[in-house]
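One-letter residues, chain by chain:
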Amino acid sequence: MENKKTNPVKPQIEASWLEVLKMEFKKDYFIEIKQFLRQEKQKGKIIFPPGKFIFNAFNSTPFDKVKVVILGQDPYHGPGQAHGLSFSVPNGVKPPPSLVNIYKEIYNNFGHPVSKEGNLEYWAQQGVFLLNAILTVEARNAASHQKIGWQTFTDAVIKTLSDKRSGLIFLLWGKFAEGKKELIDNDKHHVLISPHPSPFSASKGFFGSNHFIRANELLKNSGQKAIDWKQSPE
């Protein structure tokens, strides 16, 4: 057991992220996450997202390409929904209610028609880092992995972005995401906060927050290309 603890985990993660997070992968808590997931699978439990998508947000948006960070809580726990990007679902999967409300706000901001697809990969390819604070979940058991160590890891991710980058735009929706603002240097970055887009809270200030317009204005003001938030890139 001691030897396992001293062997660093080598996750399948994009090279620039591997470089800036390499010390995290050597820590006991991260090794214990991997051991926990392996043991759960041996018990026959189904874990979402599939292993190849656990680090999809990182693999889709390299560290030096991040422009906007959208923080979610944990993956969708229904079959076929989670693919490692916060709020996103694969093509062919019905967009969940929070994502539908995100589309409504985009429509209100820009007048863009809302697509039937919920895949946000093309946001990620433009520099929108779609990070869940918890990277795995047991099937049909929401928030079941919230205490296995993922938040230690993703807090380190947020802190690393804050420390090593500048001028990033963090969109923090809801009290959970807002709780992460203490990890972000407000003197170096832009932090936009609103209620969560869920049907329970969207009408309390997410609608009308204009976060997508404001993010693009901040990008343009710093000489960067705005994000094309249209749901369908066709």
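Quantities reported herein were computed from a predicted structural model and do not represent experimental measurements.

Caption draft 1: Geometry of the pattern of salt bridges. Within the structure shown, the criterion is met by nine salt bridges. Residue Glu 40 is joined to Lys 45 by a salt bridge in which the shortest nitrogen-to-oxygen separation is 3.2 Å. Salt-bridge contacts for Lys 180 lead to Asp 155; the nearest nitrogen and oxygen are separated by 2.8 Å. Highlighted residues: Lys 180 in the loop between helix H8 (174-178) and strand E6 (190-194) and Asp 155 in helix H7 (residues 150-164), separated in sequence by 25 residues. Residues joined by salt bridges that share partners form a network here, namely Glu 40, Lys 43, Lys 45 and Glu 138.

Caption draft 2: Main features of the environment of Pro 75. Along the chain, Pro 75 turns up in the loop between strand E2 (68-72) and helix H5 (97-110). Judged by relative accessible area, Pro 75 falls into the buried class, the value being 7%. Distance from Pro 75 to Glu 14, taken between C-alpha atoms, is 20 Å for residues 61 residues apart in sequence. Ignoring sequence-local partners within four residues, the contact set of Pro 75 consists of Phe 48, Pro 49, Ala 82, Asn 132, Ile 134, Leu 135, Thr 136 and Val 137.

Caption draft 3: Spotlight on the nonpolar core. Judged by nonpolar contacts, the single largest core of 62 residues is most densely connected at Phe 58, Trp 123, Trp 150 and Phe 153. Leaving out residues up to four positions away in the same chain, Trp 150 has contacts with Phe 30, Ile 33, Leu 37, Ile 54, Phe 55, Ala 133, Ile 134, Leu 135, Thr 136 and His 145.

Caption draft 4: How the structure looks around the sheet that holds strand E5 (residues 169-173). Read across the sheet, four strands follow the order E3-E2-E5-E6 without closing on themselves; strand pairing throughout is parallel. Looking at the sheet topology across the chains shown, the edges are occupied by strand E3 (128-132) and E6. Averaged over all pairs of adjacent strands, the angle between strand axes in this sheet comes to 20°, irrespective of strand direction. The pairing of E2 with E3 spans five bridges and is parallel. Across the sheet, Ile 70 pairs through a bridge with Leu 130, a residue of E3.

Calculation rules
- Residues numbered from 1 in each chain as written.
- Predicted model: local features only at pLDDT ≥ 70, side-chain atom pairs only at ≥ 80, totals over all residues.
- Heavy atoms only, no water.
- Salt bridge = Lys/Arg side-chain N within 4 Å of Asp/Glu carboxyl O.
- Helix = DSSP H or I, 4+ residues; strand = E, 2+ residues; numbered from the N terminus.
- Buried < 20%, exposed > 50% of the residue type's maximum accessible area, 1.4 Å probe, protein only.
- Contact = heavy atoms within 4.5 Å.
- Core = buried A, V, L, I, M, F, W, Y, C linked by side-chain atoms within 4.5 Å.
- Pairing = 2+ DSSP bridges.
- Axes fitted to C-alpha atoms, helices over the stretch in contact; angles between N-to-C directions.

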